[in-house]
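A look at the structure
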Amino acid sequence: THEPLSDAALKTWKTHIVPEKNDTKSIENDIVHHTITTLCRGVYNLDKLAMYQATAHSVRDRLLEDWNLTQEALHRENPKRCYYMSMEFLIGRALDNALHCLHVKKNYQQSVENLGFSLEDLLCEEKDAALGNGGLGRLAACYMDSAATQDYPTWGYGLRYQYGIFKQMIKDGYQTEMPDYWLNFDNPWEFPRADIRYEVRFHGYVATKMNEKGESRMTWEGGDKVQAMAYDVPIPGFDTKGCGNIRLWSSKPLNTFDFDSFNAGDYERSVAEQTAAQNLTSVLYPNDNHLVGKELRLKQEYFFVSASLQDIIHRFKRAKCPWKDFPDKVAVQMNDTHPTLAVPELQRILVDIEGLEWDDAWDIVTRTFAFTNHTVLPEALECWSVPMMEKILPRHMQIIYDINLFFLQKVEKVFVDDRELLKRISIIEEGSPQQVRMAFLAVVGSHTVNGVAALHSDLIRKHLFNDFIKYYGPDKFINITNGITPRRWLYQANPDLRDLITKTLGSEDWATKLDLLKELKRVADDVKFQTEWAAVKYKNKERLALWIKTNMGITVNPDALFDIQVKRIHEYKRQYMNILSVIYRYQSLKKMSADDISQQVPRVVIFGGKAAPGYYIAKLVIKLINSAAHVINNDTSIQDMLKVVFIPDYNVSLAEIIVPASDISQHISTAGTEASGTSNMKFVLNGGLILGTVDGANIEIGEQIGAENIFMFGVLSDEVEDIRHNQKYHGLFMDPSLQVVLDSIQGGQFGDPSIFGPLINTLTYGGDYYLISVDFKSYLQKHTEVDATYRDRKSWVKKSIMCTAGMGFFSSDRAVREYADKIWKLKPFKVEA
Ligand code: AZC
């Protein structure tokens, strides 16, 4: 709180509007201004990077006005807000997106050209903000875009990692990792808030003391403290004055002198402690759908929720509302269980510090939080050992025990004497050591829990949270199917398709009302339109082919069928099955006469994705893909009918080139394992067909675009358990075509077979947990069907159009509206110019 400015000062303030003119001359002036002032560079010392930075700064000035307007208006009117807590935000690049949101791209293109550069070149100078692993982090970024675009007063909270997801390099066919130190140069897309800092405590002990009312309260004392400093990342909305924000926390050493914990005389050690404090937020844990229970990670999680809650409470207190109104002003969405410590943390603040009674506090907590589950994979469910928690967060551990005790007492009243149920539903899992089941804590601490696609939500109701439904009833558990932002994933990534759609529909309204795409169905049979549509796809394939040629030296033919699987490498996603089928195709070609080969549908099979650095089997899959690619791509006898490409370092920016170029993409997880998937939506939105299993959002995509426009195969999720059971007791049936493929690998056709032994064992000795041998036959059959369909180009193009036309439902605008209506009870808050 500061003294208000005098009226005169305020007037100056209000009339000083940051860049208002978007004509090319003004833009040029602004860019030059930044090269001189912000960068301190002369005309003879300007490279692309400097030019990018100056350009970015000039765009950021234009965003700032909207950012300030929005935050001021929110401050004044104080509507209910939502906070999206996520340990990951996989944003990618910001410049192109901002130019589109502000509708200034054309003029910027011209201005940059007038200054002697090309805008497309400059865009590539930007480093991706890669503060996420995969689907979960990218979803958070899409939701921030949609919340801003639809004027929902929503802020993201996260961590400002200095190292984003590692850079992947392929050496000798193997993945190697390089640190992604993305903040090397100045980052125009963040505002450091040196004045917004909070202290966060770890370790220490719990004591009792009297509060002002003379009541006895617990207090958390001693231990080590670090500071959280805020960095704000503006999130422009498309076509609106409103501008969203993601507040990222960075850990800093505490600079105040703390006599209690100061090691008198040990200077070196105190410097080391300071460095340790800074290291807390330095690196993003590179695991997707897999928990690695490291102490530093637990500290990151607490650091993140502690700083965020202090900030939220600080804002809440400014309006001087009573505590009971907190849930009417604040909704918190927990993106998976990573922020679940926010539940005991808010309870601790309310009871220990604010002096509320336990039950009143708990009522506030459970009306504030909601929780999104993103996975059913057991290895991804967070469990923290009780001894570790007790050491790092002693007071929280007590509170979790109390939350659990009161919860179990209530359950017990309803299900008298059901010891087994109590054991199953307990937040604490017995064992040595005991574990805290974070998903259960999140359920108990939330008013609403959601899954991310219809099948996934059904599965968590039936299995993971089934006992909770017995107690709470079904209404607490809902589905909100994921979505993607059409701005980045079509408007920006696929300019030619964007222009064709806009021309056909007569306006750009579809970019914010994606349901309008269904109007494309009217022209799906129109030959001229089909030709234009196919030409766009071809051009996008040429663009990708050029990228592959330039960066990897591999020639691929844009006339071939582009078959793409890009996503994190994981056994459950079955890239292994894909490469095995590619080898099968290769062997089939090898058996054909030259004449027959020339009659085949040429295919380019493209892979991309990172394996977690410690995930041995996933890394072997990458090696197998590259070994197979080496043999296949160099075999002239197959007349280029098959090419295999592993694109290194798959990331958001590469996805923007890859996604528009697919004829078909693969989403082939074992049924019941992929909660939703979101790249499936991106590909279909861009007119790519999909080959997929009956899993996640594939199912709903099929419903929306029509079963005739999607290639589905494989066992159903409710068959999986029985099949596994049978395999265990009656042994594995190895599909003969699969056996031939495995034999060729073991026979050394793709290099030293001993390398691949452990990979092959996952099928033969591992019990084929992901059912590759079970689905292989129907998978190959679908591939044959894909080839046959592709031969009929007219019908293929029509399917492609019907794909895009049916994707309205999968806009993240729709998803965010559902969150706002069903969970957050949040209204849009329009900011006027
Ligand atoms: C992913 C799911 O695997 C993916 O299917 C889903 O589309 C995505 O979340 C967004 O909901 N999950 C994760 O990335 N990580 C975890 C821990 O679930």
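This structure is a prediction, so every number in the text was calculated from the model and none was measured. (Residues numbered from 1 in each chain as written. Predicted model: local features only at pLDDT ≥ 70, side-chain atom pairs only at ≥ 80, totals over all residues.)

1. What to know about the overall build of the protein chain
What counts, and what does not: Under the DSSP-based scheme used, a helix requires at least four consecutive residues in state H or I and a strand at least two consecutive residues in state E, with every element numbered from the N terminus. Any residue with 12 or fewer other C-beta atoms within 10 Å of its own C-beta is exposed, any with 20 or more is buried, and the rest are partly exposed; the C-beta atoms used are placed from the backbone. Note on contacts: each residue gets a C-beta atom placed from the backbone, and two residues are in contact if those atoms are within 7 Å.
A tally of regular secondary structure across the protein chain gives 33 helices and 24 strands. Seen along its three principal axes, the alpha-carbon backbone of the protein chain occupies a region of about 90 × 75 × 60 Å. Residues classed as buried in the protein chain amount to 47% of the 833 residues present. When contacts within the protein chain are restricted to residue pairs at least 6 apart in sequence, long-range pairs at least 24 apart make up 77% of them.

2. Quick word on the site of the ligand
Quick reminder of the rule: Contact assignment follows one rule, namely that a residue is near a molecule or strand if its backbone-placed C-beta atom lies within 6 Å of it. Each residue is assigned to one class: nonpolar for Ala, Val, Leu, Ile, Met, Phe, Trp, Tyr, Cys and Pro, charged for Asp, Glu, Lys and Arg, and polar for all the others, Gly among them. In this entry, domain limits derive from an automatic or database-based domain assignment.
Near the ligand there are 18 residues, and of these Gly135, Leu136, His374, Thr375 and Ser676 occur at the shortest range. Examining the composition of the shell around the ligand, we find that three residues originate from one element, helix H7 (residues 135-149), more than from any other. Among the residues forming the shell around the ligand, the class breakdown is five nonpolar, ten polar and three charged. Three or more residues apiece are contributed to the shell around the ligand by two domains, here domain 2 (78-93 + 128-481 + 820-824) and domain 3 (557-810).

3. Here we look at the pairing of strand S19 (residues 561-566)
The condition that has to hold: A pair of strands is labelled paired if DSSP reports no fewer than 2 bridges between them.
Most of S19 sits inside the fold, with six of its six residues counted as buried. Judged by which residues are buried, S19 turns out to be covered on both faces: Leu561, Asp563 and Gln565 on one side and Phe562, Ile564 and Val566 on the other are all buried. Here S19 runs beside strand S20 (residues 603-608); their pairing, made up of six bridges, is parallel. Each bridged residue has a counterpart across the sheet, and for Leu561 the counterpart in S20 is Arg603. The sheet contact formed by S19 and strand S22 (residues 664-667) spans two bridges and is parallel. Bridge assignment links Asp563 to a residue of S22, and that residue is Ile664.

4. Topic: the sheet that holds strand S17 (residues 448-451)
Filter applied, for reference: Each axis is a line fitted through C-alpha atoms, taken for helices only over the stretch in contact, and angles between the N-to-C directions span 0 to 180 degrees.
In spatial order, the strands read S7-S10-S11-S4-S1-S12-S13-S17-S18; together these nine strands make up an open sheet with mixed pairing. Looking along the sheet, the strands with just one partner apiece sit at the ends: strand S7 (191-202) and strand S18 (477-479). Recorded for the sheet is a direction-independent mean angle of 25 degrees between the axes of neighbouring strands. When S7 meets strand S10 (residues 224-236), the two strands line up antiparallel, connected through nine bridges.

5. Some points on helix H27 (residues 696-705)
A large share of H27 lies buried, amounting to nine of its ten residues. If you check which residues of H27 are buried, you get Gly696, Ala697, Asn698, Ile699, Glu700, Ile701, Gly702, Gln704 and Ile705. Against helix H17 (454-462), S22, helix H26 (679-685), strand S23 (689-693), strand S24 (711-713) and helix H32 (793-805) lie the buried residues of H27.

6. A short note on the domain arrangement of the protein chain
Split by domain assignment, the protein chain resolves into domain 1 (20-77 + 96-123), domain 2 (78-93 + 128-481 + 820-824) and domain 3 (557-810). One C-alpha centre belongs to domain 1, the other to domain 3, and the line joining them spans 42 Å.

7. Concerning the confidence of the model for the protein chain
Worth spelling out the cut-off: Each residue carries a pLDDT score, the predictor's own confidence in it, on a scale running from 0 to 100.
Per-residue pLDDT for the protein chain averages 96, and the proportion of residues at 70 or more is 98%. For the protein chain, the element scoring lowest by mean pLDDT is helix H1 (residues 7-15), at 76; H26 scores highest, at 99. Listed scores for the predicted complex are pTM 0.97 and ipTM 0.99.

8. A short note on the packing of helix H22 (residues 575-591) against helix H31 (residues 772-791)
How we decide: An angle below 35 degrees is treated as roughly parallel, one above 145 as roughly antiparallel, one from 65 to 115 as roughly perpendicular, and anything else as oblique. Note: crossing handedness is left-handed where the near helix turns anticlockwise from the far helix by less than a right angle, and right-handed where it turns clockwise.
At their nearest, the axes of H22 and H31 sit 10 Å apart, and the two run at 55 degrees to each other. With respect to H31, the element H22 is oriented oblique. Remark: the crossing between H22 and H31 carries right-handed chirality. Where H22 abuts H31, its residues Tyr576, Met577, Ser581 and Tyr584 lie against Ile772, Asp775, Phe776, Tyr779, Leu780 and His783. When its residues are assigned to classes, the contact of H22 with H31 shows seven nonpolar, two polar and one charged.

9. Brief notes about unusual backbone geometry
Along the chain, Ser432 connects to Pro433 via a cis peptide bond; the corresponding omega equals 0 degrees. The topology assignment puts Pro433 in the loop between strand S15 (428-429) and strand S16 (435-437). Although it is not a glycine, Asp172 sits at a positive phi angle of roughly 60 degrees. Here Asp172 shows up in the loop between strand S5 (167-171) and strand S6 (174-178). Backbone geometry places Lys825, a non-glycine residue, at a positive phi of 50 degrees. Take Lys825: it is sitting in the segment after helix H33 (812-824). Judged by C-beta crowding, with 12 C-beta atoms within 10 Å, Lys825 ranks as exposed.

10. A short note on the environment of Phe607
Mapping Phe607 onto the fold places it in strand S20. Considered as a pair, Phe607 and Val566 are 41 residues apart in the sequence and their alpha carbons are 5.4 Å apart. Contacts of Phe607, omitting those with residues within four sequence positions, involve Gln565, Val566, Gln575, Ile625 and Phe646.

11. Points about the packing of helix H9 (residues 295-318) against helix H11 (residues 342-353)
Here H9 crosses H11 at 45 degrees, and the two axes come no closer than 10 Å. When the axis of H9 is compared with that of H11, the two are oblique. Classified by chirality, the crossing of H11 by H9 is right-handed. Contacts between H9 and H11 involve Val305, Ser306, Leu309 and Ile313 on the former and, on the latter, Ala342, Glu345, Leu346 and Ile349. For the contact of H9 with H11, the residue count by class is six nonpolar, one polar and one charged.

12. Some thoughts on the sheet that holds S15
Here we have three strands laid out as an open sheet, ordered S14-S16-S15, and antiparallel in their pairing. At either end of the open sheet lies a strand with only one pairing partner, and these are strand S14 (383-385) and S15. Summarising the sheet, S15 and S16 pair through two bridges and their orientation is antiparallel. Bridged to Glu429 within S16 is Gln435.

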